[in-house]
Amino acid sequence: MTQIAVFETVAAMRAKVAAWHAAGEKVALVPTMGALHQGHIALVKEAQRHARRVITTIFVNPTQFAPHEDFKKYPRTFDQDCAMLAEAQADAVFFPQVEEMYPPGFATRILLLGPAAVGLDDRFRPTHFEGVATVCCKLFTQSQADCAVFGEKDYQQLKVVTRMAADLDLGIEIIPLATFREPDGLAMSSRNRYLSAEHRALAPLLHKVMQALAARLRNRDDLFKAVTEAQGEIISAGFELDYLEARHADTLAAITSLADGPIRLLVAARIGGTRLIDNIAV
Ligand code: AMP
């Protein structure tokens, strides 16, 4: 089996990055929670286009989970993840334990405004983005990477992290990558493995409804009517809908007409206890 370097401490990762930088090599970071799929590997491939060296981080970050969420049962498949990353020719894995990231006495959070406070996922997961921002800020400064690649799959997260990196002058470029999908259109996600066969068969409906809605809006259909009908289709199919909204693609601000665009459609819905999110450009 091909091997990949694994760093468990910040000091070990920093020493390696310093050596790469001294050799004039750029370093890209791909932050993940592991349980890797081809969407994550697409991020690694994109990172390789921007930097000679790629570090993938694998850390199931406790601060971004609410007490009732799936932190404990989140899939952990470290050996398989390393095999996939070695196959993709990533250079290293940063795999810290919780104590390395949050030693006793840790007491800092990042307070977020802007895209983190627009009433989308933040309405349903009120402490999620401060956990994401805190861990990403740490990973960026720990690694000293030149750039980091994030998926559009988590569109609000991408906007939050991009804003934070700019606002806090973290000196890292955030590179977005389009959502990688299963052949039937379902956005790849580590959480898809929670789905029963029946719910897995239903799940691609989300993307189909979003595509049809985007087409209606491109044809200048009535915004409110089209969005309301799409919401109804998802609910009728048996999903519990958290939200399906048309938002400004850059700021995520609410819009009232097609002229307020560019528009991004964002959805979050639960089926059989699994929460799925997706989004699409209009
Ligand atoms: P996660 O491990 O799910 O927290 O995601 C780690 C990174 O992979 C984030 O930047 C996600 O947006 C990205 N990602 C997850 N699923 C996909 C996908 N299907 N296509 C593209 N990027 C993805």
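Structure: above.
The sections below set out a description of the structure shown in this document. On a predicted model such as this, the values are computed, not experimentally measured, just so you know.

For the protein, the helix and strand inventory stands at ten helices and nine strands. By the compact-globule yardstick of 19 Å for 282 residues, the protein fits well, its C-alpha radius of gyration being 19 Å. Each principal axis of the C-alpha distribution contributes one length, and for the protein these read about 55 × 40 × 40 Å. Counting only residues that meet the buried cut, the protein has 54% of its 282 residues in that class. Taking the contacts inside the protein whose residues are at least 6 apart along the sequence as the reference set, 74% of them involve residues at least 24 apart. Total accessible area on the protein is roughly 13000 Å²; 53% of this is exposed by carbon and sulfur atoms.

Moving on, we come to the sheet that holds strand β1 (residues 5–7). If you walk across this open sheet you meet the six strands as β1-β4-β3-β2-β5-β6, and the pairing is parallel. Because the sheet does not close on itself, it has two edges, and the strands there are β1 and β6 (173–177). Pairwise comparison of adjacent strand axes, ignoring direction, gives a mean angle of 25° for this sheet. With two bridges joining them, strand β2 (residues 27–32) and strand β5 (residues 147–151) adopt parallel strand pairing. Residue A28 lies in a different strand from β5, and its bridge partner there is C147. Of the strands in this sheet, β2, β3 (53–58), β4 (92–94), β5 and β6 are in contact with helix α6 (residues 128–143), which crosses β2 at around 150°.

To continue, consider the site of the ligand. M33, G151, D154, F180 and M188 are the nearest of the 16 residues found near the ligand. At a separation of 2.7 Å, an oxygen atom of the ligand approaches a polar side-chain atom of D154. Within the backbone of M188, an N or O atom sits 2.8 Å from a nitrogen atom of the ligand. Burial of the ligand by the protein chains amounts to 93% of its free accessible area of 480 Å². In terms of residue class, the shell around the ligand is built from eight nonpolar, six polar and two charged.

Turning our attention to the pairing of strand β9 (residues 274–281). Of all eight residues making up β9, seven are buried, and the element is well covered by its neighbours. As paired elements, strand β8 (residues 263–271) and β9 share eight bridges and run antiparallel to each other. Paired with A268 across the bridge in β9 is I277.

Calculation rules
Along each chain, residue indices are assigned from 1 in the same order as the chain's sequence is written. Given that the model is predicted, a residue must reach a pLDDT of at least 70 before its local features are reported, and side-chain atom pairs must reach 80 or more before they are shown or counted; all residues, however, enter totals for whole chains, interfaces and linings. Values shown for side chains rest on all heavy atoms present in the structure; no hydrogens or waters enter the calculation. In DSSP terms, a helix is any run of H or I states spanning at least four residues, a strand is any run of E spanning at least two, and both are numbered starting from the N terminus. Computation of the radius of gyration draws on C-alpha atoms, with the globule rule given as 2.2 Å multiplied by the number of residues to the power 0.38. Exposure categories follow from relative accessible area, calculated using a 1.4 Å probe and restricted to protein chains: below 20% of the type maximum is buried, above 50% is exposed, and the middle band is partly exposed. Every residue pair with non-hydrogen atoms within 4.5 Å of one another is taken to be in contact. Here the accessible surface of atoms and residues is derived via Shrake-Rupley with a 1.4 Å probe, and residues count as covered only by protein chains that are part of the display. DSSP bridges decide pairing: two strands pair if at least two such bridges lie between them. Whenever a helix is involved, its axis is fitted only over the stretch in contact; in every case the axis is a line through C-alpha atoms, and angles between N-to-C directions fall within 0 to 180 degrees. If a single non-hydrogen atom of a residue is within 4 Å of a molecule or strand, that residue counts as near it. We call two N or O atoms a polar contact when they sit within 3.5 Å, provided that within protein one can donate a hydrogen and the other can accept it, with sequence-adjacent residues counted only if both atoms are side-chain atoms. Gly is placed with the polar residues, together with every amino acid not listed as nonpolar (Ala, Val, Leu, Ile, Met, Phe, Trp, Tyr, Cys and Pro) or charged (Asp, Glu, Lys and Arg).

All we've got here are geometric facts, nothing functional implied.
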